[in-house]
Amino acid sequence: MTSTCARFDTVFLFSRFGGAKYSPLWPSPSSSHSSLLLSSAIRLRAKPSSRLHSIIASSSSSSSSSGAIVAGAENIEIKSVPTKPIEGQKTGTSGLRKKVKVFMQENYLANWIQALFNSLPLEDYKNATLVLGGDGRYFNKEASQIIIKIAAGNGVGKILVGQEGILSTPAVSAANGGFIMSASHNPGGPEYDWGIKFNYSSGQPAPESITDKIYGNTLSISEIKVAEIPDIDLSQVGVTKHGSFSVEVIDPVSDYLELMEDVFDFDLIRGLLSRPDFGFMFDAMHAVTGAYAKPIFVDNLGAKPDSISNGVPLEDFGHGHPDPNLTYAKDLVDVMYRDDGPDFGAASDGDGDRNMVLGNKFFVTPSDSVAIIAANAQEAIPYFRAGPKGLARSMPTSGALDRVAEKLKLPFFEVPTGWKFFGNLMDAGKLSICGEESFGTGSDHIREKDGIWAVLAWLSILAHRNKDKNAADKLVSVADVVKEYWATYGRNFFSRYDYEECESEGANKMIEYLRDIVSKSKAGDSYGNYVLQFADDFSYTDPVDGSVASKQGVRFVFTDGSRIIFRLSGTGSAGATVRIYIEQFEPDVSKHDEDAQIALKPLIDLALSVSKLKDFTGREKPTVIT
């Protein structure tokens, strides 16, 4: 990789080579704007907002503001702002997520950011460079200023921040980590959700050893270190300096685009997208990939401008729910299921790390998607020309990928839900391609799942299959690729039932009830027409560092390979989301076209009966069925 990518590689090296340091946090305003990075800038509004008032207590740059001046660094005054612990700041698998109004409470965000610095070794951030970005949702701009000033106050040397505060989660990970302002696929706006997480070392989500320390420090925090600097203008690409501290506002697309050009054969994909007989549609859901879609798919790969839907990032995602599934990406689904619909369609979520893939009148489950990418990667994607090192999936994801690993004779790993569990395996050279049933797919090119990467992977497979097709030939379709895969490996019928924002008490009681059933179960127990092979509460021991993650999901696995899994999701900001996963393997090709909901109905009925979900939650039907 060249230019700015090379800069990223040399900046955040404290975990790999012990040299210069990199990390994502703070700014400074004394306008020196050099055109350092890329050209395709996102130009949104950039005025500092009055919403920032009192979110950090006494944090204005006025010299008359309260709080002791504890240090000065080359004309920067650093103020100690008194604070006290705030309840409810325990970090989940995907960071800290709450309603916007919670984060806007005095010192709420500031406490967590300071607690993070209190949790890291000084050498990990002192005079280091940090990356800061987010998905463009409401409150990101105000939060950017808070994070920048606290980072400066704690001795960070430089912040790289996306223009207008925008950087997708994959782009931040590609830069080896930093602060990500996002609540992922959750809705945005004044009444909805906001989130913050920290990606560590090589770009993976911070491990529990760090997040546990952060939570512990939120319980004892007494001061916040804030640099007395003006707000940074995030609308212009360039560098602002305050003494030895600087903030560089960067184009959010360029470095990530260069990485994608290194991974994929853009000429091959361009050949497919330029065909008059191939239709393409990408729905950015008014989220962060709107900033990436036109530069990548249209400007570089030659897709038609009208192939990008909902391509402008909005603070409230256009009043939508930026979750790429059959329910919330209904506009795309409706287009793809028309008789004259495009041949290939895809959507991504709020922060750009999830994806949904569709063919004309054909939905590809995330479990099948990662397996098909793995099965075709070596021949279709240059990055994998030497073959994948290993494959992995989250425990609830269907066993389709297992069969690919077995046929290709590759190491295989089953991990808990949460992308951080893949990171250690990648860093140890054991893993190349992985995925989660929750619409997350990725590889070791970064340490996060990557929505656009998955779309480019599918386009690569289709382009490779169709590269020798003449204009008069019928193209190999998404459905053709999937059905060929099923004929080779068998079909894992799979569905997930989500019950969102359930009362936490009832949801937790249901899980405890299921754990009690598990404790009394034994192999050979009958569950209707199914015979139990084993039941457990999934536990994982990391083969790299020996760390143990327990209570990761209640499993009932039957002798025919069918599975029922129950989990509470930690990705929401209110209540609890109950998730039920149902899977059944079918080797008979003649049954592969059956509707999944029909094929799985006996298992679905069994899951609802065994769990007594209606009794515990009061829910008659799921919010989302995948």
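All figures in this text were calculated on a predicted structure; none of them were measured in a lab.

1. Observations concerning the overall build of the chain
Looking only at helices and strands, one finds 19 helices and 30 strands in the chain. Sorting the 626 residues of the chain into buried and exposed places 61% on the buried side. Within the chain, counting contacts between residues at least 6 apart in sequence, those at least 24 apart form 74% of the total. When the accessible surface of the chain is totalled, it reaches about 23000 Å², and 49% of it is carbon and sulfur.

2. A closer look at the nonpolar core
Counting residues in each nonpolar core, the largest one holds 77 residues, and the members touching the most others are Phe280, Phe297, Phe344 and Leu459. With 11 residues, the single largest contributor to this core is helix α14 (residues 451–466). Contacts of leucine 459, omitting those with residues within four sequence positions, involve Ile269, Leu272, Leu273, Phe278, Phe280, Phe297 and Phe344. Val100, Ala115, Ala206 and Phe245 belong to the second-largest nonpolar core, a separate cluster that totals 49 residues.

3. As for the packing of helix α9 (residues 290–300) against α14
Two measures define how a pair of helices packs: the angle their axes make with one another and the distance between the axes. Their axes nearest at 12 Å, the elements α9 and α14 cross at an angle of 25 degrees. Viewed along their axes, α9 and α14 adopt a mutual orientation that is roughly parallel. Once α9 is placed against α14, the crossing between them reads as right-handed. The segment α9 lies against α14, with Tyr292, Ile296 and Phe297 engaging Ile452, Val455, Leu456 and Leu459. Grouping the constituent residues of the contact of α9 with α14 by class yields 7 nonpolar, no polar and no charged.

4. Observations regarding the layout of surface pockets
To find the voids left in a structure, one rolls a probe of water-molecule size over its atoms. Of the volumes computed, that of the second largest pocket is approximately 430 Å³. Taken together, 22 residues form the lining of the second largest pocket, with Phe363, Thr365, Arg491, Asp595 and Ala596 sitting closest to its centre. Going through the elements one at a time, β17 (362–364), α15 (478–489), β22 (491–502) and α17 (596–599) are the ones with two or more residues in the lining of the second largest pocket. For the lining of the second largest pocket, the element with the most residues is β22, which contributes 5 residues.

5. Here's the deal with the pairing of strand β11 (residues 238–242)
Here β11 lies mainly inside the structure; 4 of its 5 residues are buried. Across 5 bridges, β11 lies against strand β12 (residues 245–250) in antiparallel orientation. If you follow histidine 242 over to β12, its bridge partner there is phenylalanine 245. In textbook terms, the turn of a hairpin is the stretch between consecutive antiparallel strands, and for β11 and β12 this stretch comprises 2 residues, one of which, glycine 243, has a positive phi near 60 degrees.

6. Points about the side chain of threonine 365
Locating threonine 365 in the fold gives a position in the loop between β17 and α11 (366–380). A polar contact is formed between the side chain of threonine 365 and the backbone nitrogen of aspartate 368, at a distance of 3.1 Å.

7. Concerning the sheet that holds strand β24 (residues 530–537)
Spatially, the 7 strands line up as an open sheet ordered β23-β24-β27-β28-β29-β22-β30, and their pairing is antiparallel. Looking at strand neighbours, the two that pair on one side only are β23 (526–527) and β30 (624–625), the edges of this open sheet. Where β22 meets β30, 2 bridges bridge the pair, whose relative direction is antiparallel. In the strand pairing of β30, tyrosine 497 is matched with isoleucine 625. Where helix α16 (residues 504–520) meets the sheet, its contacts fall on β22, β23, β24, β27 (554–558), β28 (563–569) and β29 (576–586), and the angle it forms with β27 comes to roughly 45 degrees.

8. What to know about the pattern of salt bridges
This structure, assessed with the given rule, holds 39 salt bridges. Between aspartate 402 and arginine 393 there is a salt bridge; the shortest N-O distance is 2.7 Å. A salt bridge links aspartate 498 to arginine 496; the nearest nitrogen and oxygen atoms lie 2.7 Å apart. In terms of burial, aspartate 498 and arginine 496 fall into one category: buried. Each of Arg393, Asp402, Glu414, Asp536, Arg555, Arg563 and Glu583 takes part in salt bridges that share partners, so that together they form one network.

9. Side note on the sheet that holds strand β21 (residues 440–443)
By way of backbone hydrogen bonds, the strands of a sheet pair with one another, either parallel or antiparallel. Strand order in this open sheet of 4 strands is β19-β18-β20-β21, and the pairing throughout is mixed. Bordering the open sheet on either side are β19 (412–415) and β21, each of which pairs with just one other strand. Pairs of neighbouring strands in the sheet enclose a mean axial angle of 15 degrees, with direction left out of account. Here strand β18 (residues 391–394) runs beside strand β20 (residues 433–436); their pairing, made up of 3 bridges, is parallel. Bridging across to β20, arginine 393 finds its partner in glycine 435. Contacting β18, β20 and β21, α11 runs over the sheet at an angle of about 170 degrees to β20.

10. Describing unusual backbone geometry
A positive phi angle is found at asparagine 107, which is not glycine, with a value near 70 degrees. You can see asparagine 107 is positioned in the loop between α2 (100–103) and α3 (108–119). The backbone of glutamate 501 sits at a positive phi, close to 50 degrees, despite the residue not being glycine. Following the sequence through the fold, glutamate 501 ends up in strand β22.

11. Examining the environment of arginine 491
Examined against the element boundaries, arginine 491 turns out to sit in strand β22. Sequence separation between arginine 491 and lysine 591 is 100 residues; the distance between their C-alpha atoms is 9.0 Å. Not counting residues up to four positions away in its chain, the partners in contact with arginine 491 are Trp486, Gln584, Phe585, Glu586, His592, Asp593, Glu594 and Ala596. There is a polar contact of 3.2 Å between the side chain of arginine 491 and the backbone oxygen of glutamate 594.

12. Some points on the packing of aromatic side chains
Under the definition given, this model contains 23 aromatic pairs. Residues tyrosine 513 and phenylalanine 616 carry aromatic rings whose centres are separated by 5.4 Å and whose planes lie at 45 degrees to one another, so their mutual orientation is tilted. Pair noted here: tyrosine 513 is in helix α16 and phenylalanine 616 is in helix α19 (residues 613–617), with a separation of 103 residues, a long-range link. Residue tyrosine 513 is classed as partly exposed on the basis of its relative accessible area, which comes to 25%. Among the residues examined, phenylalanine 616 registers a relative accessible area of 25% and is labelled partly exposed. Members of the aromatic cluster, each reached through a chain of ring pairs, are Phe117, Tyr125, Phe179, Phe198 and Tyr200. One cation-aromatic arrangement involves arginine 403 over phenylalanine 585; the distance from NZ or CZ to the ring centre is 3.5 Å. Over the ring of tyrosine 489 we find lysine 407, and its NZ or CZ is 5.2 Å from the ring centre.

About the cut-offs
- Residues numbered from 1 in each chain as written.
- Predicted model: local features only at pLDDT ≥ 70, side-chain atom pairs only at ≥ 80, totals over all residues.
- Heavy atoms only, no water.
- Helix = DSSP H or I, 4+ residues; strand = E, 2+ residues; numbered from the N terminus.
- Buried < 20%, exposed > 50% of the residue type's maximum accessible area, 1.4 Å probe, protein only.
- Contact = heavy atoms within 4.5 Å.
- Areas by Shrake-Rupley, 256 points an atom, 1.4 Å probe, with all protein chains shown as cover.
- Core = buried A, V, L, I, M, F, W, Y, C linked by side-chain atoms within 4.5 Å.
- Axes fitted to C-alpha atoms, helices over the stretch in contact; angles between N-to-C directions.
- Parallel < 35°, antiparallel > 145°, perpendicular 65-115°, else oblique.
- Left-handed = near helix turned anticlockwise from the far one by under 90°.
- Nonpolar A, V, L, I, M, F, W, Y, C, P; charged D, E, K, R; others polar.
- 1 Å grid on protein atoms, 1.4 Å probe; cavity = no way out; pocket = protein on both sides within 12 Å on 5 of 7 lines; lining within 4 Å.
- Points joined across faces, edges and corners; volume = space filled by probe spheres on them.
- Pairing = 2+ DSSP bridges.
- Polar contact = N/O pair within 3.5 Å; in protein donor to acceptor, adjacent residues only side chain to side chain.
- Salt bridge = Lys/Arg side-chain N within 4 Å of Asp/Glu carboxyl O.
- Phe/Tyr/Trp six-rings, centres within 6.5 Å; stacked < 30°, edge-to-face > 60°.
- Lys NZ or Arg CZ within 6 Å of the ring centre and 35° of its normal.

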